[in-house]
Amino acid sequence: MQEQYILSKKNQITLISGILIAVGFFSHFALENAFLAEWSLIIASIFGVAPIAIQAYQALKVKVVSIDVLVTIAVIGALLIQNFEESAVVTFLFLFGHYLEQRTLNQTRSAIKELTDMAPESALVQTEDGEFEEVDVDDVDEGDVLLVKTGGKVPVDGTVLTGEGYINEASITGESVPVTKTEGGEVFAGTILENGTIQIRADKVGEDTTFGKIIELVEEAQDSKSEAERFIDRFSKWYTPTILVLAFIVWAITQNIELAITILVLGCPGALVIGVPVSNVAGIGNGARNGILLKGSEVINDFSNVDTIIFDKTGTLTVGNPEVAEKEVYGDNSEEALSYLASVEQESDHPLAKAVLANIGTVNMTPVEETDVVKGGGIVAQVNGHRVAVGNVALMEKEQVTLNKKAQKDVQRFEKNGNSLVLTAVDGELKVLMGIRDQVRPGVKQDLQNLKDLGVKNLVVLSGDNQGTVDLVASELGLTEAHGHMLPEDKSAHIEKLQKEGQIVAFVGDGVNDSPSLALADIGIAMGSGTDVAIETSDVVLMNSDFSRLPHALGLTKSTASNMKQNILIAIGVVLVLLASLLFSEWMSMSIGMLVHEASILVVIFNAMRLLKYRLRGDRYNVKTGVEEIETAK
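All residue numbers refer to position in the chain's written sequence, counted from 1. Two thresholds apply to this predicted model, a pLDDT of at least 70 for residue-level local features and 80 or more for giving and counting side-chain atom pairs, whereas whole-chain, interface and lining totals are computed over all residues. Side-chain metrics rest on all non-hydrogen atoms present in the structure, leaving aside hydrogens and water.

1. Here we look at a negative patch on the surface
In plain terms, the rule: The residues that make up patches have over 30% relative accessible area and no salt bridge, and they are joined within 9 Å when like-charged or within 5 Å when they are Val, Leu, Ile, Met, Phe, Trp or Tyr. Working definition of accessibility: Shrake-Rupley area with a 1.4 Å probe, residue cover restricted to the visible protein chains. Each salt bridge in this description consists of a side-chain nitrogen of Lys or Arg and a carboxyl oxygen of Asp or Glu lying within 4 Å of one another. Neither His nor the chain ends is counted toward charge; the positive residues are Lys and Arg and the negative residues Asp and Glu. One atom stands in for each charge, and that atom is NZ of Lys, CZ of Arg, CG of Asp or CD of Glu. Here a helix means four or more residues in a row that DSSP labels H or I, a strand means two or more in a row labelled E, and each is numbered from the N terminus.
A grouping of Glu121, Asp136, Asp138, Asp139, Asp141, Glu142, Glu207, Asp208 and Glu216 is seen on the molecular surface, where their side chains present a negatively charged patch. Relative to the elements of secondary structure, Glu142 occurs in the loop between β2 (132–136) and β3 (145–148).

2. Examining the packing of aromatic side chains
In this description, an aromatic ring pair is defined by two values, namely the gap between the centres and the angle between the planes. This is how the line gets drawn: Here the aromatic set is Phe, Tyr and Trp, taking the six-membered ring for Trp, and pairing holds for ring centres within 6.5 Å; pairs whose planes are under 30 degrees apart are stacked, those over 60 apart are edge-to-face, and all others are tilted.
Inspection of the entire model under this criterion finds 5 aromatic pairs. Linked through ring pairs, Phe92, Phe96 and Tyr99 together constitute an aromatic cluster.

3. Digging into the pattern of salt bridges
We apply this condition: Only protein chains enter the accessibility calculation, which uses a 1.4 Å probe; a residue is then buried when its area is under 20% of its type maximum, exposed when over 50%, and partly exposed in between.
Tallied over the entire structure, the rule returns 12 salt bridges. For the salt bridge of Lys491 with Asp312, the shortest nitrogen-to-oxygen distance reads 3.1 Å. Linking Lys491 in helix α20 (residues 488–500) with Asp312 in strand β9 (residues 308–312), this pair joins segments that are 179 residues apart in sequence. Note on Lys491: relative accessible area 6%, which makes it buried. The shortest N-O distance in the salt bridge between Arg413 and Asp410 comes to 3.0 Å. Taken together, the residues Arg413 and Asp410, both in helix α17 (residues 405–416) and 3 residues apart, mark about one turn of the helix. By relative accessible area, Arg413 is classed as partly exposed at 34%. Judged by relative accessible area, which is 5%, Asp410 ranks as buried.

4. A few points about the side chain of His494
Put simply, the rule is: Residue contacts are defined here by distance: any two heavy atoms, one from each residue, within 4.5 Å place the two residues in contact.
The residue His494 is located in helix α20 in this model. Not counting residues within four places of it along the chain, the set of residues in contact with His494 comprises Ile310, Val460, Leu462, Glu481, His483 and Met486.

5. Topic: unusual backbone geometry
For Glu32, which is not a glycine, the phi torsion comes out positive at approximately 55°. For Glu32, the location among the structural elements is in the loop between α2 (10–31) and α3 (34–61). Glu32 sits in the exposed class, given a relative accessible area of 67%. Residues other than glycine seldom take positive phi values, yet Asn384 does so here, at roughly 55°. Along the chain, the position of Asn384 falls in the loop between β12 (378–383) and β13 (386–391).

So, in structure tokens, the structure goes:
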């Protein structure tokens, strides 16, 4: 209990130690009072070493020789040889350095702090008499009706029941431009209603909300350790005992106890221990601020080395809102065939089905029986006693539907024009051919060029669409490879093939249909607006389905990985220079060594903090949002 009390007062002890040192030096140089000077420095040393010695003892109890052990031995040694100035100054610098570390580390964790500060604390819940009363957000249940006023935080994930307004969703998507919400719109906890008044139904509450999951993921990511960090942890366990042995050997050979003690101080690997994790924290924090979830330190390392990125087409490279561009009807009873087609497609939530229904319009619907979904093909169903097949050419072949010469030419023409094909056969006879096109995402070509500029060698599209459609998109966007008619298992097999060739593969998909590929790739990147599946199945989530965040994410991971290496070099370089200065010069002392040591810790922290302001130059996301473009180390 006493130990915890002393550790909790570490900042106050630092202040007292600093005052005593000032008194000591003033007494020595100004008052020429050796007695007061000496005892001021002795008391400062004892005060200062107390929390350090407690931490050293706690480390030794778990069989770890920490930095605190080295400093404690060095300070006790300095006191024994009556080098009170060194002992006092070393303890003060060590404690003051720790104080500065905590201050600057808190700034690198500012992203998660900003997120937690955004968490709503209360909500206006509708009571049985129709009035609204303020309750703690933890007391809100699913299904409750809540009122959100202008300037208020949305307390839950929910659906707008009445009213409209503009909501700032930056906490979820990183996008600062307010989004209009009307009746039926989806809202997220932690977002802010900038204008308007709305009533919402609570669909998800507490930790189940998208905002709650984001906070949990960022916290886990910041606390996770990369392979580099685990290596440094193992290295430190051997390094610190080695410094102890080295100091003992130097003392045994030279009989110079002051030199041995100075080696203990100079050999402290503080900057090495802290350099990598602080870079990870800053990089993950930058991503969280910009609607990019990087799920852990290992993800940063792997993503920074990616040389091949594979894309799903629909909803990733394209907008995901296809429309019927061309249509051909064959034979008689076209209205009946369109009615059957609409009846089958209303059973599906596929984007192409929605496009078909939008084109057909209002028709008489017929009950659908015995629906059979053919993976990678389409749907076969019984409608009003007829066998209706709706899907691609492969399904028609499977259903033994014969395409006459005109239909074959139409299929070739539709494919050449970049359409996805939806063929409808009734009782084995082709009735309708539709060509559906999806628009390429605006600005995606520039984003792909940015990825190339960042060192990605291969940009590949894998799609279930016909080859002609895929080739057209690939040609327009300048992709390296394009493969159509790909089933989910075909995509997975292609990823495995590239991995066997030694390529580091990232897969970008919607997080739902492509979950096997997302899981198999070295890095799975989900284009998901905060959906559960997108968050859970991938390594990186682009929260607003905004493709322009992808170059920023890659550039950020590359800069973060580079920043880690810089910090390791700084830390090792400083230790080597200090030890060399001690052995081959006469100006190095224990106090100077500790000052340089603490300065090196701050240098690696400030170096890592540059990542908080990272922006990829030329990134259209920065141009779009009006954010000042700042380029850090690439």
